[in-house]
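Each chain is listed here by its residues.
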Amino acid sequence: QVQLIESGGGLVQTGGSLRLSCEASGRTFSTHTMGWVRQAPGKERELVAYISRTYGSFVTTDSVKGRFTISRDNAKNTVYLQMNSLKPEDTAVYFCAAKNEDYRTLGNDWDYKYWGQGTQVTVSS
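Cut-offs applied
Residues numbered from 1 in each chain as written. Predicted model: local features only at pLDDT ≥ 70, side-chain atom pairs only at ≥ 80, totals over all residues. Heavy atoms only, no water. Disulfide = S-S within 2.5 Å. Helix = DSSP H or I, 4+ residues; strand = E, 2+ residues; numbered from the N terminus. Patch = residues over 30% accessible without salt bridge, like charges linked within 9 Å, V, L, I, M, F, W, Y side chains within 5 Å. Areas by Shrake-Rupley, 256 points an atom, 1.4 Å probe, with all protein chains shown as cover. Salt bridge = Lys/Arg side-chain N within 4 Å of Asp/Glu carboxyl O. Buried < 20%, exposed > 50% of the residue type's maximum accessible area, 1.4 Å probe, protein only. Pairing = 2+ DSSP bridges. Axes fitted to C-alpha atoms, helices over the stretch in contact; angles between N-to-C directions. Core = buried A, V, L, I, M, F, W, Y, C linked by side-chain atoms within 4.5 Å. Contact = heavy atoms within 4.5 Å. Phe/Tyr/Trp six-rings, centres within 6.5 Å; stacked < 30°, edge-to-face > 60°. Lys NZ or Arg CZ within 6 Å of the ring centre and 35° of its normal.

(A) Fine view of the state of the cysteines. One pass over the structure, following the stated rule, counts 1 disulfide. Through a disulfide, Cys22 is tied to Cys96; the S-S separation comes to 2.0 Å. Between Cys22 and Cys96, the S-S dihedral sits near -80°, and the bridge is therefore left-handed. Of this pair, Cys22 sits in strand E3 (residues 18-24) while Cys96 sits in strand E9 (residues 92-100), placing them 74 residues apart in sequence.

Set out below in structure tokens:
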């Protein structure tokens, strides 16, 4: 069973930065695609970014392109989401998620199988 633990959320001012971390158990990075999904109050889940061991990393949400970067440290079995130039609309619970790696479904945002508990990111206006 894959277990994911997020950390790094908090309260920041507009324009500030945060780095979210997701520590994964087992062989997550060798067998899974890792993603960051956020959900703001009253809004649907939104896949922000994902990273594949084979095919690289991708930022999915247009509004965060150029501001957010996903990366991984395989030695630490950890995936990161670096968030810069934060805006109030980035306020959400951010979840780390994982799914079996399949090149045919890499970009899908609905089929993540494993989820962390989430970490709150709040950006003040």
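(B) A look at a nonpolar patch on the surface. Taken together, Tyr55, Phe58 and Tyr103 make up a surface patch of nonpolar side chains, about 350 Å² in accessible area. A residue is classified by how much of its surface remains accessible, and Tyr55, at 44% relative accessible area, is partly exposed.

(C) Local environment of the pairing of strand E11 (residues 119-124). Judged by which residues are buried, E11 turns out to be one-sided: Thr119, Val121 and Val123 face inward and are buried, whereas Gln120, Thr122 and Ser124, on the alternate face, are not. Both strand E2 (residues 10-13) and E11 contribute to a ladder of 4 bridges, which runs parallel. Across the sheet, the residue bridging to Val12 is Val123, located in E11. Pairing between E9 and E11: 3 bridges, direction antiparallel. Its bridge partner lying in E11, Ala92 is registered against Val121.

(D) Inspection of the sheet that holds strand E1 (residues 4-7) at higher detail. As summarised here, the arrangement of the 4 strands in space is E1-E3-E8-E7, forming an open sheet in which the pairing is antiparallel. The sheet terminates laterally at E1 and strand E7 (68-73), the two strands that pair on one side only. Going from strand to strand, the sheet's axes swing by 20° on average, the running direction of each strand aside. Pairing geometry for E3 and strand E8 (residues 78-83), over 6 bridges, is antiparallel. By the bridge assignment, Leu20 is partnered in E8 with Leu81.

(E) Structural view of the nonpolar core. Counting residues in hydrophobic clusters, the biggest one holds 27 residues, and the most contacted among them are Leu4, Met34, Trp36, Leu81, Met83 and Tyr94. Elements with a minimum of two residues in this core: E3, strand E4 (32-39), strand E5 (46-52), E7, E8, E9 and E11. The contacts of Tyr94, once residues within four sequence positions are left out, are Glu6, Leu20, Trp36, Val37, Arg38, Val48, Phe68, Leu81, Met83, Gly118, Thr119 and Val121.

(F) How the structure looks around unusual backbone geometry. Located in the positive-phi region is Asn77, a residue other than glycine, with phi close to 55°. With respect to the helices, strands and loops of the structure, Asn77 is situated in the loop between E7 and E8. What makes Asn77 buried here is its relative accessible area of 15%.

(G) Highlighting the packing of aromatic side chains. The tally for this structure, following the rule as stated, stands at 3 aromatic pairs. Summarising the aromatic geometry, the rings of Tyr112 and Trp115 are spaced 6.5 Å apart at their centres and angled 70° between planes, so their arrangement reads as edge-to-face. A network of ring pairs unites the aromatic residues Phe95, Tyr112 and Trp115 as a single cluster. Above the face of the Tyr80 ring, Arg19 is positioned so that its terminal group lies 4.3 Å from the ring centre.

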